[in-house]
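Residue strings, one per chain:
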Amino acid sequence: MSGIIPAVIIYAILVAVQIDRAHTPDELYMIVGAQDLLAGKPVFLFSPPLYLWLVALSVLLLGMSDMSVRLVGVVSVIAALGLIALLIKECYKDSVSRRAAIVLAGLFYVVHPMVVQGSMIVNIDNTILSPLILAFIYCLVRLRTDIRWFWPSVAVTTLFLWAKLSTSLVCMVVFSIGVWWVEPEIVKLKNTLKVFLGAIGCFCLSWVSIALIGGFNVAEFTGYAGYRVRLNLFEPLRNPQILLTNTVYLLVWFSPFIFAALLVVLEKELRLLRRGQGEPRHYLYLGALSLLSYFFIAPIGHGFPKYYVPLVGIAAIVLVEEAIGIWKRAAMRDILVVSGAGIIIAVYCYYMVQDPVYMVRYVTRKALAMPHIDIPALGQHLRGWTLLYCLALAPGYFLIRFMSKIKKGLVYTALLLTGVSASGALSLQQAQADYLTTYSYGERGTREVVAFLRQTLQPLDRALCASHISYYLQRNDLFTPSTVWEDRTLFLKAIKDAKVRCVVYSITSNSEKSFKNVFSDPAVAQVLQQNFVCRTIGEYSVWMRP
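These lines cover the structure that appears in this document, whether it is placed above or below. This is a predicted model, so every value here is computed, not measured. (Residues numbered from 1 in each chain as written. Predicted model: local features only at pLDDT ≥ 70, side-chain atom pairs only at ≥ 80, totals over all residues. Heavy atoms only, no water.)

## Focus: the overall build of the chain
A tally of regular secondary structure across the chain gives 26 helices and four strands. Considering the chain as a whole, with its 546 residues, one finds that 54% of them fall into the buried category. The long-range fraction of contacts in the chain, counting pairs at least 24 apart against all pairs at least 6 apart in sequence, stands at 75%. A total accessible area of about 24500 Å² is found for the chain, and carbon and sulfur atoms account for 66% of it. (Helix = DSSP H or I, 4+ residues; strand = E, 2+ residues; numbered from the N terminus. Buried < 20%, exposed > 50% of the residue type's maximum accessible area, 1.4 Å probe, protein only. Contact = heavy atoms within 4.5 Å. Areas by Shrake-Rupley, 256 points an atom, 1.4 Å probe, with all protein chains shown as cover.)

Take a look at the structure:
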């Protein structure tokens, strides 16, 4: 396990400088839910409450703070590193290769921006789900050769169900199909199915018992879970733009270079399986397949691809295992060339490409939300930036091609090197950014707005603002639903109330629809200008009544 120490140190540095950033609206459910649990208040559940309990325990032990509510995510990353090391030990007999793979996979994992930023979001999918999916895979791997792992497998799978019911059920279905496909012995399929049935039974018994004791509404939870599944399955069919937009977000966050490298490895593995050559590494590829299948169940994005953070841990094992096979044939000159190329790519991405998520998630979104879009100028800007981004592949490919002896695996090596170097550069950009780097990407000035409103608003004053602003002000009565923000008539009616002292909105807190339908409307602008004075704080527009 000492091989994960360098990764832990780098992760601690990347997280320490940004652990106290403001929370975003989507995180408030878990934060407020944990506080309500500790206060004995009823909590609405959209998933089993395992994660909520962990956050509440952290708050109970350490007090309410940014660090305490994010501690579960930090511990989850360290646990995932340990499980990555355990899975890698199943791949290697050679201790030297095994240690190198553990170190490299750990570094790949912790420099990835989805892991770093995901661990700081107070949510289930991007925190505890990563180590639980890795533990789920590890137990099933051990069960293949040792029946004594049956009950540990049931226990871990039950925890998996308690973390996120929909994700775990999808993984079980895909694993069942995959084990049937690659395993010649029917007994191993039967053992896997017995684990799943045992875990489902344990979950149902424990869930009903705890729900009755804790006062959770089982019918309400089941109904909401069904609604979310229907929404996620059918909304993209009604609006394909959602699926396209979120696919672009995912590729930019995950890195198209890493994704391409992963496809190269998977294609090679499938080709070998078809030819009947080599041992099927099903514990790696079924894990990737189970997570990729979840893409079709959760296509509704949140600005951050939280559902796919667990894919990074599996990708780390798959990609590093292939890389070690190439590096075993490499001479010292090859290693120096690859290392030098990686440094050049990282420097290029840091200074030239900078933050691709900011470009796609914030700059483009802001331009599209404005009333008059200069489509040709925006298109030219995006094409120029995309060219710069794609050119990041060139240094690695040409340096390795002409200065090393690596010929077999050249494309894979160049793709992986570019992806990892670009990810590391992006993580550094995000660690130093003065804007939010998770859900409300690009937003500046949240704490400054809160401080200003705290000094300005009187106890009886009302304000129109997003949920995270009202949370920090500890004024639940200030939260304004999206129905008001996005409807011109409702918005005008709301601001005519003399008690409404201010209106606060931003490009990241409010939808594009609200900008197009309301804020850009000349009649709304006229009413605001006649009755309020605008003040810009960060990315926020703060309209104060004189």
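Now that the structure has been shown, we can carry on.
## Some remarks on the sheet that holds strand 1 (residues 462–464)
Reading across the sheet, the four strands line up as 1-2-4-3 and stay open at both edges, with mixed pairing between neighbours. Each edge of the sheet is formed by a strand with only one pairing partner; in this case those strands are strand 1 and strand 3 (533–537). Averaged over neighbouring strand pairs, the angle between their axes works out to 20 degrees when direction is ignored. As paired elements, strand 3 and strand 4 (residues 540–544) share five bridges and run antiparallel to each other. Paired with Arg 535 across the two strands is Val 542, which belongs to strand 4. (Pairing = 2+ DSSP bridges. Axes fitted to C-alpha atoms, helices over the stretch in contact; angles between N-to-C directions.)

## Notes on the nonpolar core
Ranked by size, the top nonpolar core spans 170 residues in total, and within it Tyr 109, Phe 136, Leu 319, Leu 453, Phe 491, Val 503 and Val 542 carry the most contacts. Not counting the four nearest positions on each side in its chain, Tyr 109 is found in contact with Val 77, Ala 80, Leu 81, Ile 84, Val 115, Ser 130, Val 312 and Gly 313. (Core = buried A, V, L, I, M, F, W, Y, C linked by side-chain atoms within 4.5 Å.)

## Digging into the pattern of salt bridges
Evaluation of the coordinates by the stated rule reveals 11 salt bridges. In this structure, Asp 125 and Lys 164 form a salt bridge, with 2.8 Å as the shortest nitrogen-oxygen distance. Taken together, the residues Asp 125 in the loop between helix 6 (113–119) and helix 7 (129–143) and Lys 164 in the loop between helix 8 (150–163) and helix 9 (165–182) connect sequence positions 39 residues apart. Each member of the pair, Asp 125 as well as Lys 164, is classed as buried. Salt-bridge contacts for Asp 521 lead to Arg 488; the nearest nitrogen and oxygen are separated by 3.2 Å. Note that Asp 521 is positioned in the loop between helix 25 (512–519) and helix 26 (522–531) and Arg 488 in helix 24 (residues 488–495), a separation of 33 residues in sequence. Taking relative accessible area as the criterion, Asp 521 reaches 18% and is therefore assigned buried. Through salt bridges with shared partners, one network takes in Asp 434, Arg 444 and Glu 539. (Salt bridge = Lys/Arg side-chain N within 4 Å of Asp/Glu carboxyl O.)

Coordinates in, geometry out; function isn't part of it.
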